[in-house]
Amino acid sequence: LSALEYDLYCEVRDSIGEQVVRIQETAKAIAHLDVLASLACVAQSNDYVRPSINTKGVIDIQGGRHPVVEKMNNNQMFIDNDTYLDNKNHRISIITGPNMAGKSALLRQTALITLMAQMGSFVPADSARIGLVDKIFTRVGASDNISLGESTFMVEMTEASDILNNVTPRSLVLFDELCAGTDPDEGAALAISILDRLRQDGIRTMATTHYSEIKLYALSTTGVENACCEFS
């Protein structure tokens, strides 16, 4: 009986082995269909729109929403936001406003909408024109690596340096509270230097800040704009 079972097993195994390429191709097609069906279901149930993709570098999001925050925040209506960036007159957007006003959420939703659009998904917005990006760089949150002698500020500067050394004119850069972990005068000077390097290279950048010096920089520099998040 055991020998018969083994013979039958080998027969089934060999039969399947002969069709392995066809089975793999079928599995890939089903997986592709599953992804598209899932994206379509999410888009329909959450009122997403089809974005348009461009190669001009323009990111124009009207009525954008954070796809996760709006689902988690069931008891409160998510207030939508507009975002406009390009490689010319709107290269850098400085986001100011009080704590808990939504500055970080705006940065993250811009990154998510851009990523969703490029992966073929509809997006949470009233309308969206997304200029292709090759990389999305973020410097968000506070962390340290004390065991290796790296303070929170050192980690931040290392990550900022990595961004500056790897961005291209088609990248999108997001800084949350840039250079906030050091002396205010030093932090403002460093932040302005980093932002001005990105501005000169035409890199689409969004940065949140509480530094008044950066607000003044935005008001006096071509290609840099100041936007404000407020409580509603």
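These lines cover the structure that appears in this document, whether it is placed above or below.

Reading guide: rules and limits
- Residues numbered from 1 in each chain as written.
- Predicted model: local features only at pLDDT ≥ 70, side-chain atom pairs only at ≥ 80, totals over all residues.
- Heavy atoms only, no water.
- Helix = DSSP H or I, 4+ residues; strand = E, 2+ residues; numbered from the N terminus.
- Rg over C-alpha atoms; globule rule 2.2 N^0.38 Å.
- Buried < 20%, exposed > 50% of the residue type's maximum accessible area, 1.4 Å probe, protein only.
- Contact = heavy atoms within 4.5 Å.
- Areas by Shrake-Rupley, 256 points an atom, 1.4 Å probe, with all protein chains shown as cover.
- Lys, Arg positive; Asp, Glu negative; His and termini not counted.
- Charge placed at Lys NZ, Arg CZ, Asp CG, Glu CD.
- Axes fitted to C-alpha atoms, helices over the stretch in contact; angles between N-to-C directions.
- Parallel < 35°, antiparallel > 145°, perpendicular 65-115°, else oblique.
- Left-handed = near helix turned anticlockwise from the far one by under 90°.
- Nonpolar A, V, L, I, M, F, W, Y, C, P; charged D, E, K, R; others polar.
- Phe/Tyr/Trp six-rings, centres within 6.5 Å; stacked < 30°, edge-to-face > 60°.
- Pairing = 2+ DSSP bridges.
- Salt bridge = Lys/Arg side-chain N within 4 Å of Asp/Glu carboxyl O.

The helix and strand inventory of the chain stands at seven helices and nine strands. Against the 2.2 N^0.38 benchmark of 17 Å for 232 residues, the chain shows a C-alpha radius of gyration of 24 Å, more extended than a compact globule. Dimensions along the principal axes, computed over C-alpha positions, put the chain at roughly 85 × 45 × 40 Å. Within the chain, buried positions represent 39% of all 232 residues. Put simply, 74% of the contacts in the chain that link residues at least 6 apart link residues at least 24 apart. Total accessible area on the chain is roughly 13500 Å²; 55% of this is exposed by carbon and sulfur atoms. Of the charged side chains in the chain, 19 are positive and 30 negative; the average position of the first set lies 8 Å away from that of the second.

Two numbers describe how helix 5 (residues 152–166) lies on helix 6 (residues 184–200): the axes approach to 11 Å, and their chain directions differ by 15 degrees. Judged on the interaxial angle alone, helix 6 and helix 5 are roughly parallel. Crossing handedness for the pair helix 5 and helix 6: left-handed. Packed against helix 5, whose contacting residues are Phe153, Met157, Ala160 and Leu164, the element helix 6 presents Glu186, Leu190, Ile194, Arg197 and Leu198 at the interface. For the contact of helix 5 with helix 6, the per-class residue count stands at seven nonpolar, no polar and two charged.

How two aromatic rings sit relative to each other is set out by the distance from centre to centre and by the angle between their planes. Throughout the structure, instances matching the rule amount to one aromatic pair. Plain terms: the ring middles of Tyr6 and Tyr9 are 6.4 Å apart, the flat faces sit at 35 degrees to each other, and that makes the pair tilted. Remark: Tyr9 and Tyr6 occur in helix 1 (residues 2–18); sequence separation between them is three residues, near one turn of the helix.

This brings us to the sheet that holds strand 9 (residues 224–228). With parallel pairing, five strands are arranged side by side in an open sheet as 6-7-8-4-9. With partners counted over all chains shown, the strands left at the sheet margins are strand 6 (136–139) and strand 9, one partner each. Strand-to-strand twist of the sheet, defined as the mean angle between neighbouring strand axes without regard to direction, takes the value 15 degrees. Here strand 6 pairs with strand 7 (residues 172–175) via four bridges, running parallel. Within the sheet, the bridge partner assigned to Arg139 lies in strand 7 and is Phe175. Running at roughly 155 degrees to strand 8 (residues 204–208), helix 4 (residues 103–118) makes contact with strand 4 (92–96), strand 6, strand 7 and strand 8 of the sheet. Helix 6 rests against strand 4, strand 7, strand 8 and strand 9 of the sheet, and its axis sits at about 145 degrees to strand 4.

This structure, assessed with the given rule, holds seven salt bridges. In this structure, the salt-bridge partner of Asp60 is Arg129, at a minimum N-O distance of 3.0 Å. Here Asp60 is found in strand 2 (residues 59–64), whereas its partner Arg129 is found in strand 5 (residues 127–131), with 69 residues between them in sequence. Accessibility expressed as a relative area gives 38% for Arg129, which makes it partly exposed.

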